[in-house]
Each structure stands twice: as structure tokens, then as C-alpha cells.
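Report on the structure
If you want the building blocks of each chain, they are given just below.
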Amino acid sequence: MTGEAGAFGAPRVLAAKALDQLITLLAQDGYEVIGPTERDGAVVYDTVDGAADLPLGRLDEQEGGSYRLKSSRKAGYFHHVVGPHNWKRFLYPPHQVLFTAARRRGGFSITVPDAAPPKRAFVGVRACDLAAIQKQDTVFTGRDYKDPGYAARRAAALVVAVNCTRAGGTCFCASMGTGPQVGPGYDLVLTERLTGDRHEFLAQAGSQAGADLLDKLKGRAAKDDDVKAAEAAVTKASRSMGRTMVDGVETLLKENLEHPRWDEVARRCLYCANCTMVCPTCFCSNTQDETSLDGNEAQRVRTWNSCFSIEFSYIHGGAIRREGRSRYRQWITHKLAHWHDQFGSSGCTGCGRCITWCPVGIDITEEARAIAADKGRTKT
Amino acid sequence: MAKGKTNSGPRKPKLAVWKFSSCDGCQLSLLDCEDELLTVADSVDIAYFLEATRAELPGPYDVSLVEGSISTPHDAERIHKVRRQSKLLVTIGACATSGGIQALRNFKDLDPFINAVYAHPEYIDSLAKSTPIQDHVKVDFELRGCPIDKGQLLEVINALLNGRKPNIATHGQCIDCKRQGNVCVMVAHGQPCLGPVTQVGCGTLCPGCQRACYGCFGPTETPNTASLARWLGDRQGHGKREVKHLFRGFTGYADAFRKESEIHE
Ligand code: SF4
Ligand code: SF4
Ligand code: SF4
Ligand code: SF4
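Residues numbered from 1 in each chain as written. Chains lettered and ligands numbered in written order. Predicted model: local features only at pLDDT ≥ 70, side-chain atom pairs only at ≥ 80, totals over all residues. Heavy atoms only, no water.

1. Let's talk about the overall build of chain B
The condition that has to hold: In this text, helices come from DSSP runs of H or I with a minimum length of four residues, and strands from runs of E with a minimum of two, each type numbered from the N-terminal end. With the radius of gyration taken over C-alpha atoms, the globule rule is written as 2.2 Å times the number of residues to the power 0.38. Note on areas: these come from Shrake-Rupley sampling with a 1.4 Å probe, and a residue is covered only by the protein chains present in the view. Here the positive residues are Lys and Arg and the negative ones are Asp and Glu; neither His nor the chain ends is included. Every charge is mapped to an atom, namely NZ of Lys, CZ of Arg, CG of Asp or CD of Glu.
Per the secondary structure count, chain B includes eleven helices and five strands. Taken over the C-alpha trace, chain B has a radius of gyration of 20 Å; the compact-globule value for 265 residues is 18 Å, and the two agree within 12%. Counting only C-alpha atoms, chain B reaches 60 × 50 × 25 Å along its principal axes. As presented, chain B carries roughly 11800 Å² of accessible surface, and 54% of it is formed by carbon and sulfur atoms. Each charge sign in chain B was given a centre, from 31 positive and 30 negative side chains, and these centres are 5 Å apart.

2. Remarks on the overall build of chain A
Selection rule: Buried means the residue's accessible area, taken with a 1.4 Å probe over protein chains only, is under 20% of the maximum for its type, while exposed means over 50%, and partly exposed covers the values in between. Residues count as neighbours in contact if any of their non-hydrogen atoms are within 4.5 Å of one another.
For chain A, the helix and strand inventory stands at 13 helices and 16 strands. Since a compact globule built from 380 residues should have a radius of gyration of about 21 Å, the 22 Å found for chain A is in line with a globular shape. Structurally, chain A occupies a C-alpha span of about 65 × 65 × 40 Å along its principal axes. Out of the 380 residues in chain A, the part that is buried amounts to 56%. Excluding contacts between residues fewer than 6 apart, the proportion of contacts in chain A whose partners are at least 24 apart in sequence is 71%. Looking at chain A, you have 49 positive and 44 negative side-chain charges, and the mean spots of the two groups are 2 Å apart.

3. Digging into the domain arrangement of chain B
Residues and elements named next belong to chain B. Operational definition: Each domain span listed reflects an automatic or database assignment of domains. Buried area adds together the accessible area that both of two parts lose upon being put together, with accessible area traced by a 1.4 Å probe. A pairing counts as a salt bridge when a side-chain nitrogen of Lys or Arg comes within 4 Å of a carboxyl oxygen of Asp or Glu. Here a polar contact is recorded for every N or O atom pair within 3.5 Å, except that within protein the pair must consist of a potential hydrogen donor and a potential acceptor, and residues adjacent in sequence are included only if both atoms are side-chain atoms. In this count, Pro and Cys sit with the nonpolar residues alongside Ala, Val, Leu, Ile, Met, Phe, Trp and Tyr, while Asp, Glu, Lys and Arg are called charged and the others, Gly among them, polar.
Entries for chain B in the domain assignment read domain 1 (5–161) and domain 2 (173–263). Each of domain 1 and domain 2 has a C-alpha centre, and the two are 26 Å apart. The partner domain 2 presents 18 residues to the 18 residues of domain 1 that form the contact. It is S98, F107 and R144 in domain 1 that bury the most area against domain 2; as a group they hold 44% of the surface buried on that side. Along the contact surface separating domain 1 from domain 2 lie zero salt bridges. Taken together, the links from domain 1 to domain 2 amount to two residue pairs in polar contact (both at pLDDT 80 or more). A breakdown of the residues in the side of domain 1 that touches domain 2 according to their chemical character gives eight nonpolar, seven polar and three charged.

4. Observations regarding the packing of helix α9 (residues 225–235) of chain B against helix α10 (residues 240–247) of chain B
All names here are of chain B. Which entries qualify depends on this criterion: Only the stretch in contact is used when fitting a helix axis, every axis being a line fitted to C-alpha atoms; angles between N-to-C directions are given from 0 to 180 degrees. The cut-offs work like this: below 35 degrees is roughly parallel, past 145 is roughly antiparallel, 65 to 115 is roughly perpendicular, and the gaps in between are oblique. Handedness of each helix crossing follows the sense of rotation of the near helix against the far helix: counterclockwise by less than a right angle gives left-handed, clockwise gives right-handed.
The geometry of α9 relative to α10 is characterised by a closest axis approach of 10 Å and an angle of 140° between their N-to-C directions. By the angle between their axes, α9 is oblique relative to α10. Judged by the sense of rotation from one axis to the other, the crossing of α9 with α10 is right-handed. Side by side, α9 and α10 meet where T225, L228, A229 and L232 of the first sit next to V243, L246 and F247 of the second. For the contact of α9 with α10, a count of residues per class yields six nonpolar, one polar and no charged.

5. Some details on the environment of V139(A)
Residue and element names in this part refer to chain A. Mapped onto the elements of the fold, V139 is located in helix α3 (residues 127–141). The spatial distance from the C-alpha of V139 to the C-alpha of G317 is 29 Å, given a sequence separation of 178 residues. Here V139 is in contact with F283, W339 and F343, once residues within four sequence places are set aside.

6. What about the domain arrangement of chain A?
All names here are of chain A. Domains assigned within chain A are domain 1 (12–95 + 116–238) and domain 2 (249–287 + 305–373). Relative placement of domain 1 and domain 2: their C-alpha centres are 27 Å apart. Taken together, the contact pairs 31 residues of domain 1 with 29 residues of domain 2. Both sides together, the interface formed by domain 1 and domain 2 hides about 2300 Å², and carbon and sulfur atoms give 60% of it. Ranking the residues of domain 1 by area buried against domain 2 places K135, F172 and M176 at the top, with a combined share of 24%. Summed over the shared surface of domain 1 and domain 2, the number is one salt bridge. For R353, the salt bridge goes to D129, with nearest N and O atoms at 2.7 Å. Our count for the domain 1 to domain 2 interface comes out at 25 residue pairs in polar contact (both at pLDDT 80 or more). Counting only elements with at least two residues in the side of domain 1 that touches domain 2, the list comes to β3 (42–47), β4 (58–63), β5 (66–71), α3 and α5 (173–176). Classifying every residue of the side of domain 1 that touches domain 2 by side-chain character gives 15 nonpolar, eleven polar and five charged.

7. Considerations on the sheet that holds strand β5 (residues 141–143) of chain B
Residues and elements named next belong to chain B. To be explicit about the condition: Only strands that DSSP links by at least two bridges are regarded as paired with each other.
With respect to topology, five strands assemble into an open sheet ordered β2-β1-β3-β4-β5, the strand pairing being parallel. The open sheet has two free edges, formed respectively by β2 (45–48) and β5, since each of these has just one partner strand. Each adjacent strand pair in this sheet contributes to an overall mean axis angle of 25°, direction not counted. The sheet strands contacting helix α6 (residues 150–162) are β3 (61–67), β4 (86–92) and β5, and the helix crosses β5 at an angle near 155°.

8. A few points about the sheet that holds strand β12 (residues 220–221) of chain A
Residue and element names in this part refer to chain A. Here eight strands make up an open sheet; going across it, the order is β3-β2-β8-β9-β10-β11-β1-β12 and the pairing mixed. With one partner strand each, in any of the chains shown, β3 and β12 form the two edges of the open sheet. Here strand β8 (residues 120–125) pairs with strand β9 (residues 157–162) via five bridges, running parallel. By the bridge assignment, V123 is partnered in β9 with V160.

9. What to know about the interface of chain A and chain B
Often the size quoted for an interface is simply the accessible area lost on bringing the parts together. Listed as interface residues are 47 residues of chain A and, on the opposing side, 36 residues of chain B. Taking both sides of the interface into account, the surface hidden between chain A and chain B amounts to around 3300 Å²; carbon and sulfur atoms contribute 55%. The tally of links from chain A across to chain B stands at zero salt bridges. Remark: the boundary between chain A and chain B carries 26 residue pairs in polar contact (both at pLDDT 80 or more). Where the side of chain A that touches chain B is concerned, the elements lending two or more residues are β3, β5, α9 (261–268), α10 (274–278), β13 (285–291) and β14 (297–304) of chain A. Here the residues of the side of chain A that touches chain B sort into 20 nonpolar, 16 polar and eleven charged.

10. Notes on the packing of α9(A) against helix α13 (residues 364–372) of chain A
The description of two packed helices rests on the angle between their axes and on the distance between the axes. Residue and element names in this part refer to chain A. Here α9 crosses α13 at 150°, and the two axes come no closer than 10 Å. Regarding the angle of α9 to α13, the classification is roughly antiparallel. Crossing handedness for the pair α9 and α13: right-handed. Residues R261, W262, V265 and R268 of α9 touch α13, and the partners they reach there are E366, E367, A370 and I371. Across the contact of α9 with α13, the residue classes tally to four nonpolar, no polar and four charged.

11. Let's talk about the site of ligand 2
Basically, it comes down to this: Here, proximity means that at least one heavy atom of the residue falls within 4 Å of the molecule or strand.
Ligand 2 sits among V81(A), V82(A), A127(A), C128(A), C164(A), A167(A), C171(A), C173(A), P180(A), M241(A), G350(A) and C351(A). Its residues placed into classes, the shell around ligand 2 shows eleven nonpolar, one polar and no charged.

12. Quick word on the side chain of R302(A)
Residues and elements named next belong to chain A. Along the chain, R302 turns up in strand β14. Overall, R302 belongs to the buried group, its relative accessible area being 14%. Side chain to side chain, R302 and Y92 meet in a polar contact 3.5 Å long. Only 2.7 Å separates the side chain of R302 from the side chain of D147, close enough to count as a polar contact. With sequence-adjacent residues up to four places away left out, R302 is seen in contact with Y92, P94, H95, Q96, L98, D147, S285, N286 and T287.

Following this line, the structure appears as C-alpha cells:
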């Protein structure tokens, strides 16, 4: 992890109050700073003006279909894990205007919205979520057709990542190989330490921008002990994952497309699409045209949508996947199996959001486990 | 939708607004469209709309907006006349699309209600049930809600004028909730929310204020009410009676909600 001096300098130890300084520096550099903040009983991502906006001393208890925040003396700024929001809200917003058109004499003209998005700093990006951003990078910019809007927003984003020293009740990044240790791709990574009266961060830069920031923050060179303590805390988190994904899930699902478990989960599923909305890698959308009443202006908009909605799968002649079993199966097999064929990795990072925010607690790991325990059955 | 005409076309579409058993709230949504009202009035001939004007132009009408449920023998007869005179018939609101709040009487005997409410029950001529318009005549398009959303109403008029399909979604509230970034009241607060089985349209008015959805827009395209009811009972600890009342609200007579509430009778 943050052991030896990397390409961008050696790790440093910052006092907890350096977080506030970091946010101020970012704002001075012209970044809109987005970070975790408490609202309506959950930790969401929104603009933060200083460390005081972060959920210091708050912990989240997460289970299938349940999320509760409570206060804890053991909780620093980042001991909570991920909440209902994800970073795609900023990189791939729920409502995007693709172009506007205006009627002109004898024709019409088209305007593409300004391609220069705001510079944004994402503070508190977890390992699972950095992996998710990278999966969406592949989807939107890594192949033949590039999404210019996504590419521009992504290029304007700076990532301050955080290693998790506590795993949540529905987290399973360890078994998906994405966390809790943050992988490459961050500008700066922090590991928070809160013991007795010591409250500090171990910080490591991962880019020149990160190194420049770290240079300006008050702190000291990290000792071996600091690095070891941080490593131990992250290892502890990886051993206390709330959930685990079964091994070999890609092949397992591909070989069990007619398993009776799909009918069982369909009896519980509400087709509400919460799982896909909170999933940091799900990218499905609807595109529709809107007009002004007089028909002189129009715009094409793209909004988040989901494989769980009937209208989403409407093609000429009707909707495909009318049955609940087909819709749930589409989602989980795309995520865990066919994503490999399409994008060269799993589409799931193990962040656990889909489990927590499913109103009836349907659990992707439990569904996979149920099929694994009873392989090869087909619908009778 | 029929091929629409823009206001530059030769003839403006003739619009009529009809009221059946209802509170007028949905019709008033049209008058509520302050900013756009003048453009609307400019683009269509308002041929019949008693809330707004006394003028009455004779049919046939290009579009009829129908508010209210069929609740009296007179309603039941009149809706056929409206249908005959209308090229397109669009029902607006929970009354027209599912019988409305007055359909709560459908679950009981009507007479005791009439006797309890009216000083002269003998003057009351009501049908035993309050039923939606589509139980009586063919409906071309429906707008849900109690009341309807003025944005959705404008969208239908807009689509008609511009000859395109209206963008009216049929999925559940949760998609809108998540797009807007609301914190789910069911998951984070254990409130009994009808959002997962309720069609979108209001812009998540209630969950946006941290209050569970009442189901004003009626059931989604594929509502799994049984699973939601099981969770509300087994996991959230709501009693049978509470679950029954939850489904029996503004759109309680819509098929899926009616069946679910009857299971918890
Ligand atoms: S499928 Fe679930 S656990 Fe996996 S990335 Fe999406 S929300 Fe997270
Ligand atoms: S899934 Fe892993 S990286 Fe993501 S919040 Fe949980 S512990 Fe942290
Ligand atoms: S799995 Fe859960 S969150 Fe996803 S559609 Fe079904 S009920 Fe909704
Ligand atoms: S608050 Fe209600 S409508 Fe919103 S996501 Fe939760 S269950 Fe769905």
C-alpha cells in the first residue's frame, strides 16, 4: 500500500484538521468539492465547504433493506461506508441534455451544450467506488464509441480516495477484488486513524496534482509504524466484510439460466429498480425528445433508466423481458457474468448498495449462493 | 396520438374538458399552468370548459379531457355522449382512472352511508359503485394522480400539438426518487412507502419531503404488491389493518391495490 515512496513521493501523516485545509485548498484551486455529508438520515454526496460538513462521529448500520446512522466515539470522518449516492451522479448525471434544436426559416439548427464541465474534486472515494468509476470509464470511453460528456466530466475530476478501515454490513469488495484497499487511479489517498486522543491521516499522492496538494498540507513524514498501523486497519476491514460473493459466479450464472431460483426471487422483487439506480456501475438510460408548446424548440435528453422497467425494454412490437424472472436475471447475469464478455471484467465491485437500498432486502450474494448450493436445476 | 397540428396549421384542435364525479382539482391544474396557459389557449380552441369559460362550442371535439368517476346513473349515460363526440378521450386523475377516493364506498354497502350523510337520502340517486371511465367507454390515454401533475398535462397537450408520443413514464416512483437523490424513507426510516408499486408523475412530492408515498398515481406497469405487503408486515411490523388501509387510499379501487387490500380484510 502506501509503504515506500511512490512515483509521487513518500507517505505523510497529517493531523485531522488538515482535512479542512485540504478542502479549502481544493476550493481555492477552483474545484467544486463534493464529499460525504449527512442529510435526511443518510450519508450522501454533495458539495462541502469544509470538514465541518462531513459526518464526523457517525456510523452507518447496513443490512438488506435497512440503513441507520448512529453516533459513535469510535467514528472519525470516514468510518461510515457508502450510502445511497454514488459518483456516477456527477460523472453520468441522472438528467443530461444531449442537444437542443431550434426551428429556423426553412430548417433547424442544433446546439450541443457547453462541453466544459465544472472542475470537481471527489473527496472520500472508496476502493469499490474508484473501481466502479474505472468500470464506467471502460463503458463510456474505453471502446469504439466515446461519450464526450462523460469524458469531459471525468477529465475534470480529481479523486481524493479513502481506504476503508471498517467494512459495512453489506460490503463485499474483498471477494470482488476491488477493496477495501484503494487501487491505482487516485490523486491522493487517505487512511484515517482514530485511537485515544490521536486523530490523523496517512496520506499518499498518486499523481502530480495529488503531490502538489500534499506539499501544501501541514504534516510530517510517515514512519514505518504509521504505515503498518494503517495497513493493519485495512486488513482488519477486509476480514470483517458483511457479505461474500461465491467463487466462480460468472460460470455459475451462465450455466444456470433456467434455475428455479429465478422464479423465487421474482416473487419477492418489486421491479422498483432501486438496485440499478444505486449501483455505481449500472449505466442504462432512456433517450427522449422534448418540444416547446409552439414546436419551435426541441431538446434530446437522456435520463437514468433500468432493465427492471418494462418501458425500457420496449422495442418494436412490444417489451421484451415481461416476466419478473427475466428482468432480475438480466440484471444479475449482466452484472456478474456477461459484463466479462462485454467489458473484460465483472460489472460488480461489491459495494453492497443494491442490497441495502433494495426496499425488500434482495441480496445479490445470497441469490448467487442459493444457485451455487443447488446447481444445475432447471425449471420444472 | 393522432397526427397533431401546430398552431401555424390551418385549424386549431378543439379541446373539451368534462367533469364527472370529482372535486374539480384536476381541471384546475389546467388553469394552474399560468406561464403556459396563454400559449395553450392560443394553440387550441377551448370548446367546452365550464371551470374557465361559459362559451360552449358544439362537438365533435378533437380531444376530450375527462375528469371524475362514474358514480350516478346520469354519469353512466353522459359518458357515452362524450365518447361519441370525441376523437381522442384522455382521462385525467385518480377519479377518472380508478374511481377516486369516493370508490372507498365500493368496499361497503352504499345505503348506510347515504343515510348517515344526507338529510334527505330520498333525493340521492347514486350507483352502488364509483367506477373509472375505462369501465364504461374506450379510453385513448390516461393521466394518473390525485390531483394530476400539471407538467404531465402540458406534456400531453404539447405532444398532441406537435404530433408526437407523450413522454409519460409508467415505471415506479423509486426511479424518480433516486434520480433526484432522495434518501429512501423505507430503507433509512422504516416508513411504509407505496412508491415501489406506484407509478411516477408527481416528481416524488412526498418522499422528497421524507414522507412515504400514498400511491396517488396508482399501480405501476407490473406492481408486486404481495411482496411489498409481506415486507411491511413481516419486517416492518405493520398490522393487517394498517396494510389494508395503506393500499386503500386515493387509488384504492385500482385493480392491483384493491386486490391487495382485500387480502388484508
Ligand atoms: S451490483 Fe450491487 S454490490 Fe455490485 S456494484 Fe452494483 S450496487 Fe454494488
Ligand atoms: S465495499 Fe469495500 S471499499 Fe466499498 S465501502 Fe465497503 S469496505 Fe469500503
Ligand atoms: S432487486 Fe430489489 S431493488 Fe432491485 S428491482 Fe427488485 S425489489 Fe427493487
Ligand atoms: S422513498 Fe419510497 S418511492 Fe422513494 S425510493 Fe424509497 S420506497 Fe421508493
